[in-house]
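# Secondary and tertiary structure notes
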Amino acid sequence: MTLQETPAAVLPRPGRRRDRQRFWQEVGMIAPAMLLLAIFLITPFLLSFWTAMTNQPLVPRPTPVRFVGLLNFQRVFTDPLFWTSLWNVTRFTIWVLPVQCGLAFLTALLLHQKLPMQNLLRGLFFLPAITSMVVVCVIWGTLFQYPSGPLNQIVGFLSGGLIQPIDWLGDPDWAMFSIVLLSAWQAYGFQMIIYLAGLQGIPDELYDAARIDGASALRRFWHVTMPGLRPTHVFVLVITTIQAFKLYTQVAILTQGGPKESTETVVHYMVRAGFEEQKLGYASAVSVILFVIVLLIALLQRKLLRRFDV
Amino acid sequence: MSDLALSQAAPLAKSRGNSKTGLRIVQSFSILLIALVMISPLFMLLIASLKDDRFQILADMGSFRAFWVSEPTLSNYKEIANFSGELAYGRYLFNSLAILVVTVISGLIVNSMAGFVLAWGSLRGKAILLALVVALYVIPQESIIMPLVVMMSRAGLTDTFAVQILPWVASPLYVFLFYQFFAQLPKELYEAAEMDGASAFRIYRSIYMPLSLPALATVSILMGIESWNQYLWPTLVTQTDYARPIAVAIATFFGQDSIYWDRAMAASVLMMIPVLILYLAFQRWFVSSFVGSAVKG
């Protein structure tokens, strides 16, 4: 590669050998990652577009796989259950965004100060985030017990017995909200850390200057903290939204999409189509749609960040 | 001095040092109280796992007894900590640990080498590769999983450790995190080493790696948590006990007619321990580096 860049006569010979050695070393260092990405990410990604346009079943059959064009997409878009699942994850997103990001923001504000036991406190608030979703399901599965589980007892106690026990996971009106609660509790820790870093990124001088100008704490918060956190807000909202659209584990374990399909999600719908009904082509079409949704959200983030010129 | 953005009480004057320290301790304890409420479900899990009577566990839960055990016993743990049979949670735990260790260590090496070349290498197509890595970051795991399962079963990898490790070693996110970390180190570092005749790999190994502890810690925690919590993928590619990770095994409790909450809780505590250790070991570097890099992405 260097041969074209530099006239051979200029470089002393050992230099050229070193350049070549360096070239191969660099190739050797970057190749493992690129190879793995090519095999395990790019190939299945491209395959999913192809598979989505065939009638391929999960287990190979003697009949040849046929190209069916956009038939799978047409079927997905005419299946009411797909629209239900898309609406469900949208509903989930709308609820989980304020709960989870709000929790993350508030805890980050609490923790962003020099305190005794600072690391301990941060660690405690971060604990749910390192708890596996399966474990979270074990815990909240017991909390949600109907009719006399802990959460119902607390609700009953706080309302003085006015509110009847709620069938958290069994009532179609409540099931998705229950999933929101446990999801926000499990995941707010990461967003909290991102907010903490965002808060650390705001220069102290801005606060000092505002204070000298006589700005109250509330005004300092509104005119220094909030503008300084704008890119952080965008980032947090976007990753939470993307995460929300991929909702799967807690639903698969606790409700299997029920009751009455009130917690069916796009990924759960895809996995069911692919592995229970064995329609790989159809499931791939759903996965392509999921990718497009995530891509749109990511593009929106870029646009928003540009506008705030970060 | 960094202060709580909302706090009413943080006067500039340093002369009020004493009352300020007192205030800080009060603040600390109130925050501690909030933290304890937030993690009370975890504490409840631990306590319940030490109780013998399955029915008592549920009965206790609505009251303060959820946080107290008069006669702690390890019998639930003894029941499930086998290496074969129906409740082979010792084995599942080992499987998950093996997968985690191999994934994280190879991931650290593979992704950091690539990030290093992208930051300081002299390869021609570097900029294109970097753009590719950033673009690949958008693809969610869930949307490649269908064809990937078929690829893996055609390759005869179903029910192996390899199938749970190989696909997740290289990751656009971690390549990018390392790239970003290396790129912000001073240029002189690279040039000086190069003048001394060090090869690219040597510069990477002896100069850049020792300087990148914060990045290594961040990626270790993120990769570790990710690998430990994998659920969808292993349910699709494991069918027998042989390589089944603990997350999948715990979920099978929910498929049973009556859930053995006592065992499920003991298994859950077992599952929390390793990742807790990982976090404690690396948390010192976590906040500062994870975040600085993530927000700009």
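Residues numbered from 1 in each chain as written. Chains lettered and ligands numbered in written order. Predicted model: local features only at pLDDT ≥ 70, side-chain atom pairs only at ≥ 80, totals over all residues.

### With respect to the overall build of chain B
- Within chain B one finds 15 helices and zero strands.
- Considering chain B as a whole, with its 297 residues, one finds that 41% of them fall into the buried category. (Helix = DSSP H or I, 4+ residues; strand = E, 2+ residues; numbered from the N terminus. Buried ≥ 20, exposed ≤ 12 C-beta atoms within 10 Å, placed from the backbone.)

### Thoughts on the UniProt feature "transmembrane region" (unreviewed entry) in chain B
Residue and element names in this part refer to chain B.
- In this numbering, the UniProt entry assigns the feature "transmembrane region" (unreviewed entry) to residues 29–50, 92–120, 127–149, 161–182, 203–225 and 264–282.
- Between the first and last C-alpha atoms of residues 203–225 the distance is 30 Å; the span itself is 96% helix and 0% strand.
- Helix and strand shares over residues 264–282 are 100% and 0% respectively, and the end C-alpha atoms of the span are 28 Å apart. (UniProt positions renumbered as here; feature names shortened; annotations may be inferred.)

### Details of the UniProt feature "domain: ABC transmembrane type-1" (unreviewed entry) in chain B
- Mapped onto the present numbering, the UniProt feature "domain: ABC transmembrane type-1" (unreviewed entry) falls at residues 93–282 of chain B.
- Span residues 93–282 of chain B is 74% helix and 0% strand, its end C-alpha atoms 21 Å apart.

### Notes on the interface of chain B and chain A
- At the junction of the two partners, chain B supplies 83 residues and chain A supplies 81 residues.
- Residue classes in the side of chain B that touches chain A are distributed as 64 nonpolar, 15 polar and four charged. (Contact = placed C-beta atoms within 7 Å. Nonpolar A, V, L, I, M, F, W, Y, C, P; charged D, E, K, R; others polar.)

### What to know about the nonpolar core
- Counting 154 residues, the largest nonpolar core has F116 and I250 of chain B as its most contacted members.
- The dominant element in this core, judged by the number of residues it contributes, is helix α8 (residues 175–200) of chain A, at 17 residues.
- Setting aside anything within four residues of it in sequence, one finds I250 of chain B in contact with V134, V135 and V138 of chain A together with A264, A267, S268 and M271 of chain B. (Core = buried A, V, L, I, M, F, W, Y, C linked by C-beta atoms within 7 Å.)

### Topic: the domain arrangement of chain A
- One can read the domain layout of chain A as domain 1 (2–51) and domain 2 (71–307).
- Its C-alpha centre places domain 1 of chain A at a distance of 40 Å from the equivalent point of domain 2 of chain A. (Domains from an automatic or database assignment.)

### Notes on helix α13 (residues 266–276) of chain A
All names here are of chain A.
- In terms of burial, α13 is largely enclosed, as eight of its 11 residues are buried.
- If you check which residues of α13 are buried, you get V266, V267, H268, Y269, M270, V271, A273 and G274.
- One or two steps after α13, the chain reaches Q278, where phi turns positive at roughly 60°.

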